Amino acid sequence: MLETASRLLALLALLQSRPAWPGSELAERLDVSGRTIRNDIDRLRELGYPIEAVRGPAGHYRMGAGAKLPPLLLDDEEAVAVAIGLRAGRGVTGIEDSSARALSKLEQVLPHRLRRQVTALHDAVSEGPANTGSNVPDPVVDASVLASIAAAIRDAEMLRFDYRAPDREDDVPRRNDASAPFGDWPVLVEPYRLVSWERHWYLVARGTETGDWHTYRVDWISLRMATHRRFEPTPFPGGDYTSFVLRDVATAGWKVHARITVLAPAQDVLPRINPAVGVVEAVDDSTCVLVTGGDSLEILAVYVGMLGLDFHVSEPPGLVEHVRALGERYVRAVTK
């Protein structure tokens with residue numbers, strides 16, 4: 001009995017690893033007869049696995065898509081969540097291959113309607129740089145909201161929602177301008193991309209009236225009823241949704257802004273900064289640009305000096321003067 005159970009699990013793993021298997025190849029891989037394979041296929045069907053058989057010279061077995069996922073016992077939302085997590089796992093060092101294999105097996109048996117949801121999310125999502133491991137609790141995002149936004153992106157359908165940011169603990173008011181419209185009124189946009197960064201989800205969308213591009217935190221979105229109104233997609237300027245989100249989010253609260261050329265590869269600069277205070281753009285193998293800012297030029301001048309790397313500042317003029325003054329002060333401090 002144990003030998004039969006082990007063989008059934010091995011057979012199931014093979015069937016889920018690729019779209020189709022000739023019976024003779026399955027028999028060879030498991031070192032059994034073709035009759036044993038046919039009997040084992042019948043056993044798996046009795047357990048609820050939707051295994052299809054194609055007869056003829058090119059005959060083969062394959063896993064079919066069904067309305068259920070026995071015996072995983074996943075409901076629709078759980079199946080979609082697992083598939084999304086596995087897609088994300090393919091970008092995590094050390095588990096890329098295992099995540100891809102597991103995803104391939106799951107997608108073999110996802111019903112068509114669920115596979116469309118997973119594919120829509122995959123096609124609509126971009127990822128920002130790796131997380132920094134902040135101790136701030138992760139925001140709660142409803143998976144159904146992500147799925148609905150992704151579907152609207154896939155179908156080029158206008159999206160209507162209420163957008164409200166929670167009050168800040170430091171009592172500093174949120175931005176309430178054209179680039180970040182907060183309020184209790186409904187927002188109508190053309191959705192284009194979901195971007196995941198620093199454990200947050202952001203929607204990149206275009207205003208239907210102004211044509212301006214905005215970034216919206218998904219956990220601050222409350223969807224309204226579907227509009228069923230299609231739009232003709234407009235090419236995004238530059239085509240880089242992720243960089244747009246990083247710049248928009250990182251620069252939201254800065255009073256002063258700067259672009260600083262750092263004479264080091266981007267991969268050497270990224271570990272030295274907090275994404276909340278800067279975005280790194282690669283220029284070539286030995287140079288990058290740090291887009292950063294702060295509450296004052298004095299603080300910014302000190303901050304860039306703490307990178308521990310050579311850099312060049314050409315703007316804004318006030319920052320150039322502060323860096324020069326700071327450098328002269330340090331020289332005087334060590335000169336007799």
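Above: the structure in question.
Parameters at a glance
Numbers given to residues run from 1 along each chain, matching the order in which its sequence is written. Note on the predicted model: pLDDT of at least 70 is required for a residue's local features to be given, and 80 or more for side-chain atom pairs to be given and counted; whole-chain, interface and lining totals, by contrast, use all residues. Working from all heavy atoms in the structure, the side-chain values ignore hydrogens and water. Helical segments are the DSSP runs of H or I of at least four residues, strand segments are the runs of E of at least two, and each set is numbered from the N terminus. Three labels apply to residues, based on accessible area from a 1.4 Å probe with only protein chains included: buried if under 20% of the type maximum, exposed if over 50%, partly exposed otherwise in between. Two residues qualify as a contact provided that any one of their heavy atoms is within 4.5 Å of a heavy atom in the partner residue. Under the convention used here, a 1.4 Å probe and the Shrake-Rupley method define accessible areas, while residue burial counts only the protein chains that appear. Two aromatic rings, drawn from Phe, Tyr or Trp (for Trp, its six-membered ring), form a pair once their centres lie within 6.5 Å of each other, and the interplanar angle then sorts them: stacked below 30 degrees, edge-to-face above 60, tilted otherwise. For a Lys NZ or an Arg CZ to count as sitting over a ring, it must be within 6 Å of the ring centre and within 35 degrees of the ring normal. Note on terminology: a nonpolar core comprises buried Ala, Val, Leu, Ile, Met, Phe, Trp, Tyr and Cys residues joined through side-chain atoms within 4.5 Å. Take a side-chain nitrogen of Lys or Arg and a carboxyl oxygen of Asp or Glu: if they are within 4 Å of each other, that pair is a salt bridge. One less than the number of residues in a helix, times 1.5 Å, gives the span that helix is expected to have. To obtain the arc, one takes the directions from the helix axis to the C-beta atoms. Two strands pair under a simple rule: DSSP has to find at least two bridges between them. With axes taken as lines fitted to C-alpha atoms, and helix axes fitted only over the stretch in contact, angles between N-to-C directions fall between 0 and 180 degrees. Between 65 and 115 degrees an angle is taken as roughly perpendicular, under 35 as roughly parallel, over 145 as roughly antiparallel, and anywhere else as oblique. All amino acids are sorted into three groups, where Ala, Val, Leu, Ile, Met, Phe, Trp, Tyr, Cys and Pro are nonpolar, Asp, Glu, Lys and Arg are charged, and the leftover types, Gly among them, are polar.

(A) Spatial organisation of the overall build of the protein chain. The secondary structure content of the protein chain amounts to 11 helices and 12 strands. Expressed as a percentage of its 336 residues, the buried residues of the protein chain come to 40%. For the protein chain, the proportion of contacts with a sequence separation of at least 24, taken over those separated by at least 6, is 63%. As displayed, the protein chain offers around 19400 Å² of accessible surface, 53% of which is attributable to carbon and sulfur atoms.

(B) The arrangement of the packing of aromatic side chains in detail. Scanning all chains against the criterion turns up nine aromatic pairs. Pairing W213 with F236 gives two aromatic rings, centres 4.7 Å apart and planes at 85 degrees, and the pair type is edge-to-face. In this pair, W213 sits in strand β7 (residues 213–217) while F236 sits in the loop between β8 (221–223) and α8 (241–250), placing the two residues 23 residues apart along the sequence. For the pair W213 and F236, one class covers both residues: buried. Taken together, the aromatic side chains of Y192, W213, F231, F236, Y241 and F244 make up a single cluster linked through ring pairs. R18 extends its terminal NZ or CZ atom over the ring of W21, reaching a point 3.6 Å from the ring centre.

(C) Expanded view of the nonpolar core. Membership of the largest hydrophobic core comes to 33 residues, with the highest contact counts inside it found for I149, F161, L194, L203, Y216 and V218. Looking at this core, the elements that each hand over two or more residues are α4 (76–89), α5 (96–109), α6 (112–124), α7 (143–155), β4 (159–163), β5 (183–197) and β6 (200–207). It is α7 that contributes the most residues to this core, six residues altogether.

(D) Local environment of the pattern of salt bridges. Summed over the entire model, instances satisfying the criterion amount to 11 salt bridges. Note that R18 is salt-bridged to E25, the shortest N-O span being 3.0 Å. When its relative accessible area of 26% is taken as the criterion, E25 is described as partly exposed. Between E321 and R324 there is a salt bridge, with the nearest N and O atoms lying 2.7 Å from each other. Residue E321 and its partner R324 are both found in helix α11 (residues 317–334); the two are separated by three residues, about one turn of the helix.

(E) Structural view of α11. Counted at 1.5 Å a residue, the expected span for α11 with its 18 residues is 26 Å, and the 27 Å between its end C-alpha atoms agrees. Residues L319, V320 and L326 constitute the buried set of α11. All buried residues of α11 lie within an arc of 130 degrees about the axis, which places them on one face of the element. Seen from the open side of α11, the exposed residues pointing more than 90 degrees away from its buried face are P317 and R332. Against the buried residues of α11 lie β9 (256–262) and α10 (297–305).

(F) Expanded view of the pairing of strand β11 (residues 287–294). Buried residues dominate β11, accounting for eight of its eight residues. Residue alternation in β11 divides its side chains into two sets, T287, V289, V291 and G293 and C288, L290, T292 and G294, and both sets are buried. Where β9 meets β11, seven bridges bridge the pair, whose relative direction is antiparallel. Along β11, the bridge assignment pairs H257 with G293. Of the pairings in the sheet, the one linking strand β10 (residues 278–284) to β11 comprises six bridges and is antiparallel in character. Directly across from E281, in β11, lies its bridge partner V289. The turn joining β10 and β11, which pair antiparallel and follow one another in sequence, is formed by two residues.

(G) Structural view of the packing of α6 against α7. For the pair α6 and α7, interaxial distance at closest approach is 8 Å and the crossing angle is 75 degrees. Considered as vectors, α6 and α7 are oriented roughly perpendicular to each other. Note on element contacts: α7 touches α6 through L146, A147, A150, A151, I153, R154 and D155, opposite R116, Q117, A120, L121 and A124. Grouping the amino acids of the contact of α6 with α7 by side-chain chemistry returns eight nonpolar, one polar and three charged.

(H) Looking closely at the sheet that holds β10. On the basis of which strands lie adjacent, the open sheet formed by four strands has the order β10-β11-β9-β12 and antiparallel pairing. At either end of the open sheet lies a strand with only one pairing partner, and these are β10 and β12 (311–312).

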